[in-house]
Amino acid sequence: MPDVQTWKTVQHELLRRLRERIWQPGQLIPSEQVLAEELGCSRATVNRALRGLAEGGLFDRRRKAGTRVAMIPVRKANLNIDIIRLDVEKRGAVYRWALIEQQRTFPTERIRSRLEVDHDMEMLYLRGLHLADEHPFIYEERWINLAVVPGILETDLNSISPNEWLVRHIPLPSGEIVFSAANTDATEASLLETEEGAAVFVIERRTWKGHQGITIVRMVHEPGFRMRTTI
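Note that the coordinates shown come from a computational prediction; the quantities given were computed from them, not determined experimentally. (Residues numbered from 1 in each chain as written. Predicted model: local features only at pLDDT ≥ 70, side-chain atom pairs only at ≥ 80, totals over all residues. Heavy atoms only, no water.)

Digging into the side chain of Glu 188
- With respect to the secondary-structure elements, Glu 188 resides in helix α7 (residues 186–191).
- Sequence-distant contacts of Glu 188, defined by excluding residues within four places in its chain, comprise Tyr 139, Asn 183, Arg 218 and Val 220. (Helix = DSSP H or I, 4+ residues; strand = E, 2+ residues; numbered from the N terminus. Contact = heavy atoms within 4.5 Å.)

Now the structure itself:
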């Protein structure tokens, strides 16, 4: 049967039924085949529309058990990886990246397991400081999987930060971000020009391309740093 509706149109209709409570929380909705016949489209079109809404937390889909309206819809937030230079410039400051250390070496067991790389695989280890008006803004420590992004070895990382290079060159299909508070150690305190043990905001992030780990980075922000986002 040729489609007479796009998946976006079908999705809009499914959302209408949710908003108008035609389908109640917890209710088992009609099968994909029944919906396809009712809406004049293919089952694949219905599947794509439902898949997007399920990923957004509005439906609970179980294999062989059908699709139910979520009892408590889960609202999911999407976080983008920003280019730190642009963030600094938006704050009205002059940005500078200072590379502290760069070497090809074997990662620690913790890094290997988190990025799922072989024990005999070399990676690129980097440490550097992002500055705003010559004041420390973010100190970062990063491991990069050279099997996934070998091109970074041809890049002058004194002139561009690994953050900006990766955002501009590597599509980001998936990742994990952990936010935490911590106290600076002696090295971090010295680089951020603060006292050892000062409270700071830390972001730890790891990203993947398919099933391959790309990078894992720990970013320690200057004391008093504030993050703002929208929902």
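Having put the structure on the table, let's press on.
Focus on the pairing of strand β5 (residues 135–145)
- Across the 11 residues that make up β5, a large majority, nine, are buried.
- Judged from the 10 bridges that link them, strand β4 (residues 123–132) and β5 form a sheet pairing that is antiparallel. What sits directly across from Leu 129, in β5, is Tyr 139.
- Hairpin connection between β4 and β5: a loop of two residues separates the two successive antiparallel strands, and Asp 133 in this loop has a positive phi of roughly 55°.
- Strand direction decides the pairing type here: β5 and strand β8 (residues 212–221), joined by seven bridges, are antiparallel. (Buried < 20%, exposed > 50% of the residue type's maximum accessible area, 1.4 Å probe, protein only. Pairing = 2+ DSSP bridges.)

Overview of the domain arrangement of the chain
- For the chain, the domain assignment lists domain 1 (7–69) and domain 2 (84–221).
- Just the C-alpha atoms count here: the centres of domain 1 and domain 2 sit 41 Å apart. (Domains from an automatic or database assignment.)

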